[in-house]
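Remarks on the overall topology
Below are the chains, spelled out letter by letter.
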Amino acid sequence: MTRNLDTALLRSFASVAETGGMTASARRLNLTQAAVSQHIKRLEEQLGCRLFERERSGLRLTLAGERLHRRALRLLELNDEIWSVMTAPDFEGEVRIGVPHDIVTPYVPPVLRRFVQAWPKVRVSLVTEVSIRLKEQVAAGSLGLCLTTERRAEPWGEQLITERLLWIGAPGGTAHIRRPLPISLGDERCIFRAAMTEALDGIDRDWRSCCETSEMRLLLASVEADLGVAALMQSSIPANLEILTGKTDLPPLPDFGINLYVAKAADALTQELAGFMRQEIQAERKLAA
């Protein structure tokens, strides 16, 4: 027989698990302490197990509670998403989004596909540029929002996830052992350029530029041809290239964030797309982990 869980009980359970107490959860949920306590009791009765152990420092999840916690959060997240989508206005209009060349393929298609399915009357315009130019366009209002690849987000942006920057080369290639080291660089605005050269200078490794371009396909072609090595964020590395970090004497590179910037005067439609970006990119990282 199918049984249904009460999301109100699950919301109280998740809050108590996070705060460690009934009183704090009651304040957070705008309920009485007795109501929260009753919710936990009813949930335990329905599931036939204890969810919390009482300790001097507060309430602690039992093993059964730990099993429930992650699943309860997923259910509540889906509940809130459904509520938001079904009660949101029927958007029409256009939204403009900017994304750096290297992270378009791994992250953007699934986000925009879901967004267009949810709001079929909305026109989405995609602009690809380097991170610094995209931020300038968002600040000027010509773009509604953008993603960037940077070490840290500026105060008016937010970091969604971080990824490792990795050295890449042609499978079986020899570029990484040549002296000086040939590097395929982006143009002078490329955010990874300084990270690569500073890491090499830090170990006194001589290097030379073998390709400088803002075109991702040309940069990747130079690496595939074994003209030089390059660096990309982990999710952006094509399957036909080899990760060299950890396999060679090339120095480690720093982590970079995928950051989100939204225009100050962004309308509700742009804010809706920003919400899709946050949810989808962070969920994708959780699945990959």
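Predicted, not measured: the structure shown is a model, and the values here were computed from it.

Here's the deal with the overall build of the protein
Each helix and strand counted, the protein has 9 helices and 11 strands in total. For the protein, the C-alpha radius of gyration of 24 Å lies well beyond 19 Å, the compact-globule estimate for 289 residues. Along the three orthogonal principal directions, the C-alpha set of the protein runs to about 70 × 45 × 40 Å. Taking all 289 residues of the protein together, 43% fall into the buried category. Of all intrachain contacts in the protein linking residues separated by at least 6 positions in sequence, the fraction that spans at least 24 positions is 75%. Taken as a whole, the protein presents about 15,700 Å² of accessible surface, with 50% of it coming from carbon and sulfur. Looking at the protein, you have 36 positive and 37 negative side-chain charges, and the mean spots of the two groups are 7 Å apart.

Looking at the packing of helix H2 (residues 22–29) against helix H3 (residues 33–47)
Where H2 contacts H3, the two axes come as close as 8 Å, and the packing angle between them is 105 degrees. Between H2 and H3, the angle falls in the class roughly perpendicular. Mapping the contact onto sequence places Met-22, Thr-23, Ser-25 and Ala-26 in H2 and Gln-33, Val-36, Ser-37 and Ile-40 in H3. Class assignment for the residues of the contact of H2 with H3 results in 4 nonpolar, 4 polar and no charged.

Considerations on the pairing of strand E7 (residues 181–185)
Burial of E7 is extensive: 5 of the 5 residues sit out of reach of the surface. The alternating pattern of E7 places Leu-181, Ile-183 and Leu-185 and Pro-182 and Ser-184 on opposite faces, both of which are buried. Between the parallel pair E7 and strand E8 (residues 207–212), the chain is carried across by helix H7 (residues 191–202), and the sense of this crossover is right-handed.

Quick word on the environment of Ala-35
In this structure, Ala-35 sits in helix H3. Measuring from C-alpha to C-alpha, the distance between Ala-35 and Ser-12 comes to 9.1 Å, with 23 residues separating the pair along the chain.

A closer look at the pattern of salt bridges
The tally for this structure, following the rule as stated, stands at 20 salt bridges. Here Arg-11 ties to Asp-80 by a salt bridge, and the two come within 2.8 Å at their closest N and O atoms. Of this pair, Arg-11 sits in helix H1 (residues 7–19) while Asp-80 sits in helix H4 (residues 63–87), and the two are 69 residues apart along the sequence. Among the salt bridges present, the one from Arg-189 reaches Glu-129, with a minimum N-O distance of 3.8 Å. Of this pair, Arg-189 sits in the loop between E7 and H7 while Glu-129 sits in the loop between strand E4 (122–128) and helix H6 (131–140), placing them 60 residues apart in sequence. Look at Arg-189 and you get partly exposed, because its relative accessible area is 31%.

Quick notes on the environment of Arg-208
You can see Arg-208 is positioned in strand E8. For Arg-208, a relative accessible area of 39% puts it in the partly exposed group. With 50 residues separating them in the primary sequence, Arg-208 and Glu-158 have C-alpha atoms 35 Å apart. Every residue in contact with Arg-208, bar those within four places of it in the chain, is listed here: Pro-180, Leu-181, Pro-182 and Ile-183.

Here is what the cut-offs are and how they apply
Residues numbered from 1 in each chain as written. Predicted model: local features only at pLDDT ≥ 70, side-chain atom pairs only at ≥ 80, totals over all residues. Heavy atoms only, no water. Helix = DSSP H or I, 4+ residues; strand = E, 2+ residues; numbered from the N terminus. Rg over C-alpha atoms; globule rule 2.2 N^0.38 Å. Buried < 20%, exposed > 50% of the residue type's maximum accessible area, 1.4 Å probe, protein only. Contact = heavy atoms within 4.5 Å. Areas by Shrake-Rupley, 256 points an atom, 1.4 Å probe, with all protein chains shown as cover. Lys, Arg positive; Asp, Glu negative; His and termini not counted. Charge placed at Lys NZ, Arg CZ, Asp CG, Glu CD. Axes fitted to C-alpha atoms, helices over the stretch in contact; angles between N-to-C directions. Parallel < 35°, antiparallel > 145°, perpendicular 65-115°, else oblique. Nonpolar A, V, L, I, M, F, W, Y, C, P; charged D, E, K, R; others polar. Right-handed = clockwise from strand over helix to strand, strands pointing away. Salt bridge = Lys/Arg side-chain N within 4 Å of Asp/Glu carboxyl O.

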